[in-house]
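Spelled out, the chains give:
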Amino acid sequence: MKRTRRQVFDLSQGRRIYSVFASFNAMSFGLLTGNIVILYVLRLGGSSSFIGIISSFQYIALFFLLIGRMIIDRVGTQRLMGTCWTIRYLLMVPLLISPFVVLRGSTSSGLLLVVLSLGGFHIARGIGAASFNPILGIFASGKDRGAYLSRLQIISHSVAIGTGIATAIILGGTPPITRYAIFIGTGIIAGFIASFLTFKLPIPRSFHRRKGGALFPGIKKALKRRTFRKFILLCLLSALVIGMAIPFIIVYAKRVYHQPDGLIIVFTVLGSLGAISMGLISSLLMDRFGAKPIILLFLSIFIISLVLLIIAPRFSPIGIILFLGTVFFLFQLGITGHQNGTQNYFFSVIEEDEHLNLGILYNLVIGIGSTAGSLAGGFILDSIQGGFDFDITTSFRFYFGIILALYILILILTSRLTDISNYTFLDALSVIRSTKQLRTVSLLNRLDRSTYYLDEVKAINALADSQSSIPIEDLLQRLKSPRFYIRSQSLLTLETLPINERVENALITEVKNHSFTTAYIAARIIGKKNIRKAIPALRQSLSTTDYQLQSAGILALGRLQDKESIPRIEKVLLKTKNPMVIIHGAAALELLGSVESLPVLFMVLKQKPTSPFLRDEVILSISEILGLGKWFYPFFTAFLEKATTGKEMLLEYLDEHFTEDQGIDQKSISHGVNSLLKKHSNRGTLVTDILTSGKVNSAYSIDPLVSAARDEELLRLERFCFLLSAVLVRSVTR
């Protein structure tokens, strides 16, 4: 959909406001529902099952999306989200009171307030979340969707880091219960600011009028699409396993390694650094490689963190800190990367008018899976600890072993998802491992951001050193540019990169449709890259009036060893007067080794060239066809510099390499050379007698050469006479 100038301005402004909203939203959400609450519940003696229950609230809330969907058309998307966001922070006030209730000696009442506050918070959030995906879809539109969503992750987790550091400092080792009220109060204030910003988002008027259609028919229609159906089922399984994993890494650090609350918050900060790293990687790669390879990449990283959790090695106190820091970093890097990639894939496989209804389905599936995972995780962990004679470390090893097995299954199923890009997991992995590849992707992102053609050209030229297939799609797009300079530079850069079928087809199209502009560049690349299926297009180019294309096409046919085109090339050579075409035609026949074409080259030599340099080109091509090229070249260049020097070099070579068993006198050869270069009247007869005597190398007794040696017009050409002299010398030397 094309945007008006006003809509483009709204998008930019909206992204700025939304980014600020995301900052305060992340701060409040982290303080009120994240690790702080888990630590608080652990201080109050809550069990793993209790932690699983309260962790499931954020997923159970998604069931209330259906209520939000029923009222969104009447209330309006923006108002629904803003109102529900405000209500949910009002409902957190009982949680603020909870520490003081506990101080009065009623721990159970304090835990009840936790349940009531979090339950109300997430119910309101669930109703308002019906607006979340449609609004996010507005600001995450365009081809930089992946980069923008990744930037939001960076913002959220940067805020989480700042909040985490402040929390770790304030919490200390074992803080008093009332200190948790500071974080809860701060979270509520930040939440009210986020709610206010929700009403300030500049939503386009067309969006307010947009209807998503009936919910269930829309979902039913989408589920008929095999790609979407496979994806949504995989989302369900992924959410189940993530729900089992996320809440219990905190419990793991607390119970297996007995870390204090303040230090655990430091680990969560390291986890947020992992999430920021994910954002940086995703912003660089997501829009380039598509969601599927990036999901696989982060799934692999998350599996590594699970393996470390299962190993659970014993270290010194410093070693434990380093180990847990690494685990938290990789855990968050992998899991947030997986979630971010999944969200990108979701937006990629649905239409814009499906954001509302399918966004509700997506969140419901995440809610069902995560709720089941969170509830099941707590009960499974308690059952392992209570039903088997395991110590706490072995129990967690067994638990995370179950999660690892499920995640390997998810990895396999994800690899079978429909590809939405031309890149693979191995492509993404190769980029991560190579600074050169990362630079290539960075240049491509710079190319996408370029708004002036000279900036595009600079980025395109810089890509020539990449030696990678990654830039190919972008360069093929640049072949449609209205600027000749961009199209030509794109082709020149493609020449330096690996070739695939799409490039081959694009080059053939260039040859067919872009004569007088970029066709000749494409023809040259075709010859260098040995693209044989382009032969018909190249043959057709021989009849063009574009001399550059004709020249490049002839030479390409020579490189492709298309011997069927020899008559066509000869015909062009006999007809043309263009020096460029003559040079390329002679070179093509040279590449083809066409001895049968020597009469044509001799005719060209005596009729066409008006400049000595053209005769030089033709003579050198003839020498190559005769098999003399490498040997002849230094003699010829010396001759061109000074004729007597070239002659003396030939005669010296004759003296050093003459073979006596040839049955011919050396003096006869010397006389033949001198007669040719001094233009004696009988030079032609003398040379032909030697060549046809049967006493010299038969390779040089061919009829075209003998006939040329009798041609008085050719014998008037000094350079041709030197070629004949070289033939005589070579025919009797070893």
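Residue numbers run consecutively from 1 along every chain, following the written order of its sequence. Confidence filtering applies because this is a predicted model: local features only for residues at pLDDT of at least 70, side-chain atom pairs given and counted only at 80 or more, and all residues used for totals across whole chains, interfaces and linings. Think of the side-chain values as coming from all heavy atoms in the structure, minus any hydrogens and water.

Asker: Now, about the overall build of the chain: what can you tell me, with residues and values included?
Answerer: Secondary structure assignment for the chain yields 38 helices and 0 strands. Atoms considered for the radius of gyration are the C-alpha atoms alone. The globule rule reads 2.2 Å times the number of residues to the power 0.38. Taking 27 Å as the expected radius of gyration for a compact globule of 734 residues, we find that the chain reaches 39 Å, considerably beyond that expectation. Expressed along its principal axes, the backbone C-alpha trace of the chain runs to roughly 130 × 60 × 40 Å. The long-range share in the chain, meaning contacts at least 24 apart out of those at least 6 apart in sequence, stands at 79%. A gap of 15 Å separates the mean positions of the 76 positive and 47 negative side-chain charges of the chain. The secondary structure listing takes helices from DSSP runs of H or I that are at least 4 residues long and strands from runs of E that are at least 2 residues long, numbered from the N terminus. Contacts: residue pairs with any heavy atoms within 4.5 Å of one another. For this count, His and the chain ends are skipped, Lys and Arg are scored as positive, and Asp and Glu as negative. Here the site of a charge means atom NZ of a Lys, CZ of an Arg, CG of an Asp or CD of a Glu.

Asker: Please give an account of unusual backbone geometry that cites residues and values.
Answerer: With the exception of glycine, the majority of residues adopt a negative phi angle, and the majority of peptide bonds are in the trans configuration. The phi torsion at Phe516 lies on the positive side, around 70 degrees, for a residue other than glycine. By secondary structure assignment, the location of Phe516 is in the loop between helix H24 (501-513) and helix H25 (519-529). Even without being glycine, Gln561 reaches a positive phi, approximately 55 degrees. Mapped onto the secondary structure, Gln561 falls in the loop between helix H27 (547-559) and helix H28 (566-575).

Asker: Could you give an account of the packing of helix H15 (residues 291-311) against helix H16 (residues 317-348), with specific residues and numbers?
Answerer: How two helices pack is summed up by the angle between their axes together with the distance between the axes. Relative to each other, H15 and H16 sit at 155 degrees, their axes nearing to 8 Å. Put simply, H15 runs roughly antiparallel to H16. Crossing handedness for the pair H15 and H16: left-handed. Here the nonpolar group is Ala, Val, Leu, Ile, Met, Phe, Trp, Tyr, Cys and Pro; Asp, Glu, Lys and Arg are the charged ones; every other residue, Gly included, is treated as polar. Partitioning the contact of H15 with H16 into residue classes produces 16 nonpolar, 8 polar and 1 charged. Helix axes use the C-alpha atoms of the stretch in contact, all axes being lines fitted to C-alpha atoms, and the angles between their N-to-C directions lie in the range 0 to 180 degrees. The cut-offs work like this: below 35 degrees is roughly parallel, past 145 is roughly antiparallel, 65 to 115 is roughly perpendicular, and the gaps in between are oblique. Two helices cross in a left-handed way if the nearer one is turned anticlockwise from the farther one by less than a right angle. They cross in a right-handed way if the turn is clockwise.

Asker: Outline the side chain of His338, supporting the account with residue identities and numerical values.
Answerer: Mapped onto the secondary structure, His338 falls in helix H16. Engagement of the side chain of His338 in a polar contact is seen with the side chain of Tyr407, the distance being 3.2 Å. If we skip the residues at most four places from it in the chain, His338 touches Ser238, Ile242, Ile295, Phe298, Leu299, Tyr407 and Ile410. Definition of a polar contact: a pair of N or O atoms within 3.5 Å, with one able to donate and the other able to accept a hydrogen when the atoms are protein atoms, and with sequence-neighbouring residues admitted only if both atoms are side-chain atoms.

Asker: So what about the packing of aromatic side chains? Which residues, and what values?
Answerer: Pairs of aromatic rings are described using the distance from one ring centre to the other and the angle between the two planes. Aromatic pairing here means that ring centres of Phe, Tyr or Trp (its six-membered ring) are within 6.5 Å. Orientation follows from the plane angle: under 30 degrees is stacked, over 60 is edge-to-face, and everything else is tilted. Evaluated as defined, the whole model comprises 27 aromatic pairs. Geometrically, the ring pair formed by Tyr252 and Phe400 is edge-to-face, given 5.6 Å between the ring centres and 80 degrees between the ring planes. Of this pair, Tyr252 sits in helix H13 (residues 226-255) while Phe400 sits in helix H18 (residues 392-415), and the two are 148 residues apart along the sequence. The two residues Tyr252 and Phe400 agree in class, both being buried. Taken together, the aromatic side chains of Phe248, Tyr252, Tyr257, Phe315, Phe323, Phe396, Tyr399 and Phe400 make up a single cluster linked through ring pairs. Note on exposure labels: buried denotes an accessible area under 20% of the residue type's maximum, exposed denotes more than 50%, and partly exposed covers the range between, all computed with a 1.4 Å probe on protein chains only.

Asker: How would you summarise the environment of Ala166 if you had to cite specific residues and measurements?
Answerer: Its place among the elements puts Ala166 in helix H9 (residues 145-171). Under the relative-accessibility criterion, Ala166 is labelled partly exposed at 36%. Taking C-alpha positions, Ala166 is 47 Å from Asn461, a pair spaced 295 residues apart along the chain.

Asker: Which residues make up the packing of helix H30 (residues 598-607) against helix H31 (residues 612-625), and what are the values?
Answerer: At their nearest, the axes of H30 and H31 sit 10 Å apart, and the two run at 160 degrees to each other. Considered as vectors, H30 and H31 are oriented roughly antiparallel to each other. By crossing handedness, the relation of H30 to H31 is classed as left-handed. Together, Leu598, Leu601, Phe602, Val604 and Leu605 of H30 and Arg615, Val618, Ile619, Ile622 and Ile625 of H31 make up the contact between the two elements.

Asker: Would you mind going over a negative patch on the surface in detail, with residue names and values included?
Answerer: Patches were defined on residues exceeding 30% relative accessible area and lacking a salt bridge, with like-charge contacts within 9 Å and nonpolar side-chain contacts (Val, Leu, Ile, Met, Phe, Trp, Tyr) within 5 Å. Each accessible area is a Shrake-Rupley result for a 1.4 Å probe, and residues are judged covered by the shown protein chains and nothing else. Salt bridge criterion: a side-chain nitrogen from Lys or Arg within 4 Å of a carboxyl oxygen from Asp or Glu. On the surface, Glu648, Glu652, Asp655 and Glu656 cluster together into a patch of negative charge. Within the secondary structure, Glu652 sits in helix H33 (residues 643-657).

Asker: Describe a nonpolar patch on the surface, naming the residues involved and giving the relevant values.
Answerer: Taken together, the side chains of Ile165, Ile169, Ile170 and Ile182 make up a nonpolar region of the molecular surface, amounting to roughly 370 Å² of accessible area. Among the elements that take part in the nonpolar patch, H9 stands out by supplying 3 residues, more than any other. Relative to the assigned elements, Ile165 resides in helix H9. By relative accessible area, which is 44% here, Ile165 ends up partly exposed.

Asker: An account of a positive patch on the surface is requested, with residue identities and associated values reported.
Answerer: Judged by side-chain charge, Arg439, Arg446, Arg449 and Lys458 come together as a positively charged surface patch. Residue contributions to the positive patch peak at 3 residues, all from helix H20 (residues 435-449). Along the chain, Lys458 falls in helix H21 (residues 453-462). Take Lys458: its relative accessible area is 55%, and that puts it in the exposed class.

Asker: Mind laying out the environment of Asp287, listing which residues take part and the relevant values?
Answerer: For Asp287, the position within the fold is in helix H14 (residues 261-289). Remark: the alpha-carbon pair of Asp287 and Ser300, spanning 13 residues in sequence, is separated by 20 Å.

Asker: Let's hear about the nonpolar core: which residues, and what values?
Answerer: Only buried residues count toward a nonpolar core. Its members are Ala, Val, Leu, Ile, Met, Phe, Trp, Tyr and Cys residues joined through side-chain atoms within 4.5 Å. Counting 229 residues, the largest nonpolar core has Phe228, Tyr252, Tyr407 and Phe720 as the members making the most contacts within it. It is H13 that contributes the most residues to this core, 16 residues altogether. When near neighbours in sequence (up to four residues on either side) are disregarded, Tyr252 contacts Tyr257, Leu308, Leu309, Ala312, Phe323, Leu324, Phe396 and Phe400.

Asker: How would you summarise helix H38 (residues 718-731) if you had to cite specific residues and measurements?
Answerer: One full turn of an α-helix is made of 3.6 residues, so residues set three or four places apart face in the same direction. In this scheme, a helix's expected span is set at 1.5 Å multiplied by one less than its residue total. Taking 1.5 Å of rise per residue, the 14 residues of H38 would be expected to cover 20 Å, and the 20 Å separating its terminal C-alpha atoms lies within 8% of that figure. For H38, a buried count of 11 out of 14 residues is recorded, marking the element as mostly surrounded by other parts of the structure. Listed in full, the buried residues belonging to H38 are Phe720, Cys721, Phe722, Leu723, Leu724, Ser725, Ala726, Val727, Leu728, Val729 and Ser731.

Asker: An account of the pattern of salt bridges is needed here, citing residue identities and associated values.
Answerer: Within this structure, the stated rule accounts for 9 salt bridges. For Lys606, the salt bridge is made with Asp711, and the minimal N-O distance between the two is 2.6 Å. Here Asp711 lies in the loop between helix H36 (703-709) and helix H37 (712-715) and Lys606 lies in helix H30, a separation of 105 residues in the sequence. Take Asp711: its relative accessible area is 19%, and that puts it in the buried class.

Asker: How would you summarise H28 if you had to cite specific residues and measurements?
Answerer: Those residues of H28 that fall on the buried side of the exposure criterion are Ile566, Ile569, Glu570, Val572 and Leu573. Take H28 and look down its axis: the buried residues cluster within an arc of 160 degrees, on one side only. Residues of H28 that are exposed and point more than 90 degrees away from the buried face comprise Pro567, Lys571 and Lys575. Of the surrounding secondary structure, the elements contacted by the buried residues of H28 are H27, helix H29 (579-592) and H30. Of all possible arcs, the one meant is that of the directions from the helix axis to the C-beta atoms.

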